[in-house]
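Inside the fold
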Amino acid sequence: MSAKLQTPALGSLPPHQRHAITIHMPGWANMLRLMDRDPEFIKETTSFYPRIIPHKDVKALAAAVLSKFGTEGQNVLLFPAPESLTECVKFATSPARGDDMLSPSEINTKVLDINIRLYAVFFPLRKFAGVTPFWINPGVGISSRLAEESLKHIDLLHEVTGNEPAPVVPVSPADAILRDRIASLLERAPTPGAVRKSLIKAEDIYLFQTGMASIYTVHQFLLSKFNATTVLFGFAFHSTPHIFEDYGPGLKFFGLGDANDLVELETYLKEEKKEGRKIQALWTEFPANPLLMTPDVARLRELATEYDFVLIVDDTVGSFCNVDLLGSNGADIVVSSLTKSFSGYADVMAASAALNPSTAKYGELKALFTEKYVNRFYSGDAEVLEKNSRDYMERSATYNTNAETLVKYLQSLVENEKSSVAKVYYPLTSPTLSHYKSRMRATTPEFTPGYGCLFTVELKTVEATQAFYNNVNVHHGPHLGAHLTLALPYAKALYGKQLDWAAERDLRETQLRISVGLEKAEDLVQTFKDALVFADAVKAEESAVSVT
């Protein structure tokens, strides 16, 4: 048995960087506190995903702003972009907020200068629930490193009242290095047989401050041009459908993304066309989080061409070292959360959107991005991401090996009646494996593409799931693509109050999502074996009781 983890409960993953974006919340009981959004749990955390709970430096800067410009009982959100200020106010005062809606008189804004220009939205603390989703889901708030740097210049903090020019913030050379690196990786070892009319360039790569910021911002660009319904095909990360529901005229959600949904999608598109309508875009994950279903991108491409919509694929889980979504039969836009395996060390947030020059939409989209895009990615974050991503390929090889090794071990137990393992979700074990394989990159001497760092294991009972989770000696918490393995009862933690809805999409509280890290594969297998001893014992007890 491996040595017990020494990471403090509700702290970050070692080496506990100042800007860590993870939390270790050991045990089922802590997960339930997260599910219930327990205020005391939130207060006890020393580290959390900063898009969900603002980082301590962001809180400190907000406190300084409130002290100087706020009034009693107010809170404030800080953004690096003027459009975020406008959109936040629009969101918070929308009747769609229901009882949480703010009246225009309850919300006010200020433009501030410090070492950068800040856009501040002030609102009553008691109306926090009506405003905070704009921080959580779009992910366009200021980064923790930007806040840390701004706190060093707090004596410069003042309100901008005229045409005062904004402080000049130089773009780091790391920005260009990252765009070059990503473009190079997207063209590395393309899928055999993929037809490219043109190669992607660094100028086709757009950087964003978070994964959700890339989705939200691209969605906003498309709304400005088309303002039509968005389709989400297959399950997706928790915040993604909220973006499409909260901003724009509507969302059509196909929650499984399987062959049946593909038939229903085509029927829906035909009906919309008959009514003189068309969708603006279809978004899909490759593969989907957390059940690793892989969509049929070739068929989606055909439909996108026939019905004239933008096809957008999020390749975060597969990761662009393994899969190739470009070419003339690929996506129009590939979005990637660089926070995950591209960074790999859980201490910086970022994302990219890549425009595919081989599809017919390229010219139209290029013009739209040229008109709308402003780089809001902080140079300090770019510098950390550039350093982290230097070993992306080397780490990815380990992720692939470790995940596949664990999956094969767990899959070997599925048919064992005495085992508590019921099912393993991974591209290799999925009925959609052929869709994944059709997009895998060519094998080269230096890298063999694989299936990514993420899988989900389902146990046979809730009690066995709890026993396994309470005894598996890896870090517990939300995130994927980190340097250390993370486990989370994903469906229970995020949809614990909507389990019937989740079950319709094959999500169950007996499932544990696993993001493998860089540990030795044999050590991880032993760790899982040790935890299954407890789960199997619980299952045996349950079986004995049912027999008697």
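Residues numbered from 1 in each chain as written. Predicted model: local features only at pLDDT ≥ 70, side-chain atom pairs only at ≥ 80, totals over all residues. Heavy atoms only, no water.

- As recorded by an unreviewed UniProt entry, the chain carries the name Cystathionine gamma-synthase and is attributed to Cadophora malorum.
- Looking at the Sequence similarities (unreviewed entry) heading of the UniProt record, one finds this comment for the chain: "Belongs to the trans-sulfuration enzymes family."
- In its Cofactor (unreviewed entry) section, the UniProt entry covering the chain states "pyridoxal 5'-phosphate". (UniProt positions renumbered as here; feature names shortened; annotations may be inferred.)

**Let's talk about the environment of L125**
- With respect to the secondary-structure elements, L125 resides in the loop between β3 (117–124) and α5 (128–136).
- Sequence separation between L125 and W135 is ten residues; the distance between their C-alpha atoms is 14 Å. (Helix = DSSP H or I, 4+ residues; strand = E, 2+ residues; numbered from the N terminus.)

**Considering α5**
- Taken together, the buried positions of α5 are G130, V131, T132, F134 and W135.
- Those residues of α5 that are buried are in contact with α3 (56–69), β1 (74–79), α4 (82–92), β3 and α8 (211–225). (Buried < 20%, exposed > 50% of the residue type's maximum accessible area, 1.4 Å probe, protein only. Contact = heavy atoms within 4.5 Å.)

**Things to note about the sheet that holds strand β4 (residues 158–159)**
- The four strands lie next to each other as β1-β3-β2-β4, forming an open sheet whose pairing is antiparallel. In this open sheet, the two strands that pair with only one neighbour each are β1 and β4.
- Note: β1 against β3, six bridges, orientation antiparallel. In the sheet register, L78 faces β3, and the bridge partner there is A120. (Pairing = 2+ DSSP bridges.)

**Here we look at the packing of helix α10 (residues 259–274) against helix α11 (residues 297–307)**
- Relative to each other, α10 and α11 sit at 0°, their axes nearing to 12 Å. By the criterion of interaxial angle, the relationship of α10 to α11 is roughly parallel. When α10 is examined against α11, the residues L262, L265, E266, L269, K270 and K273 are found in contact with a partner set consisting of R299, L300, L303 and Y307.
- Classifying every residue of the contact of α10 with α11 by side-chain character gives six nonpolar, no polar and four charged. (Axes fitted to C-alpha atoms, helices over the stretch in contact; angles between N-to-C directions. Parallel < 35°, antiparallel > 145°, perpendicular 65-115°, else oblique. Nonpolar A, V, L, I, M, F, W, Y, C, P; charged D, E, K, R; others polar.)

**Some thoughts on the pairing of strand β10 (residues 333–337)**
- Buried residues dominate β10, accounting for five of its five residues.
- Across the two faces of β10 the burial is the same, with I333, V335 and S337 and V334 and S336 all buried.
- When β10 meets strand β11 (residues 351–355), the two strands line up antiparallel, connected through five bridges. Residue pairing in the sheet places S337 in a bridge with A351 of β11.

**Side note on the nonpolar core**
- With 172 residues, the main nonpolar core has L265, I333 and F455 as its most contacted residues.
- Considering each element in turn, this core owes the most residues, eight residues, to α8. (Core = buried A, V, L, I, M, F, W, Y, C linked by side-chain atoms within 4.5 Å.)

**As for the pairing of strand β2 (residues 108–113)**
- As defined by bridge partners, β2 adjoins β3 across six bridges and the pair is classed as antiparallel. Among the inter-strand pairings, T109 is bridged to a residue of β3, identified as V121.
- Between β2 and β3, which pair antiparallel in sequence order, lie three residues.
- Of the pairings in the sheet, the one linking β2 to β4 comprises two bridges and is antiparallel in character. Bridge assignment links L112 to a residue of β4, and that residue is E159.

**Side note on the pattern of salt bridges**
- Applying the stated rule across the entire model yields 33 salt bridges.
- For R33, the salt bridge identified is with D38, shortest N-O distance 3.2 Å.
- Looking at R33, the relative accessible area reads 21%, which means it is partly exposed.
- D38 sits in the partly exposed class, given a relative accessible area of 21%. (Salt bridge = Lys/Arg side-chain N within 4 Å of Asp/Glu carboxyl O.)

**Remarks on the sheet that holds strand β13 (residues 454–459)**
- Here we have five strands laid out as an open sheet, ordered β12-β13-β16-β15-β14, and mixed in their pairing. A strand with exactly one partner marks an edge of an open sheet, and here the two such strands are β12 (421–425) and β14 (475–476).
- Sheet topology note: the β14/strand β15 (residues 486–488) ladder contains two bridges and is parallel. Looking across to β15, one finds that H476 is bridged to A487.
- Here helix α14 (residues 392–411) sits on the sheet and contacts β12 and β13; the angle it forms with β13, its principal contact strand, is near 20°.

**Section: the packing of α4 against α5**
- Orientation of α4 relative to α5, taken along the N-to-C sense of each, is 140°, at an axis distance of 9 Å. Between α4 and α5, the angle is such that the two are oblique. Note that α4 runs across α5; the crossing there is right-handed. Taking contact as the criterion, the partners of S84, E87, C88, F91 and A92 in α4 are, on α5, G130, V131, P133 and F134.
- When the residues that make up the contact of α4 with α5 are grouped by side-chain class, the tally is six nonpolar, two polar and one charged. (Left-handed = near helix turned anticlockwise from the far one by under 90°.)

**Some words on the packing of aromatic side chains**
- For the coordinates displayed, the defined rule picks out 28 aromatic pairs.
- An angle of 55° between the planes, with centres 4.9 Å apart, marks the rings of Y206 and F369 as tilted. In this pair, Y206 sits in strand β5 (residues 205–208) while F369 sits in helix α12 (residues 362–372), placing the two residues 163 residues apart along the sequence. Just as Y206 is buried, F369 falls in that class too.
- Ring pairs connect the aromatic residues F79, F91, F134, W135, Y216 and Y247, which therefore count as one cluster.
- Geometry around F91 places R97 over its ring, the cationic atom sitting 3.8 Å from the centre. (Phe/Tyr/Trp six-rings, centres within 6.5 Å; stacked < 30°, edge-to-face > 60°. Lys NZ or Arg CZ within 6 Å of the ring centre and 35° of its normal.)

**Looking at unusual backbone geometry**
- In this chain, P14 is followed by P15 through a cis amide linkage whose omega measures 10°.
- With respect to the helices and strands, P15 occurs in the segment before α1 (28–35).
- Cis geometry marks the peptide bond from F286 to P287; its omega dihedral reads -15°.
- Structurally, P287 is set in the loop between β8 (281–285) and α11.
- We note that R37 has phi near 50°; this positive angle belongs to a residue other than glycine.

**With respect to the environment of E446**
- Topologically, E446 is positioned in the loop between α15 (433–437) and β13.
- Linking E446 and E394, residues 52 residues apart in sequence, is a C-alpha distance of 9.2 Å.

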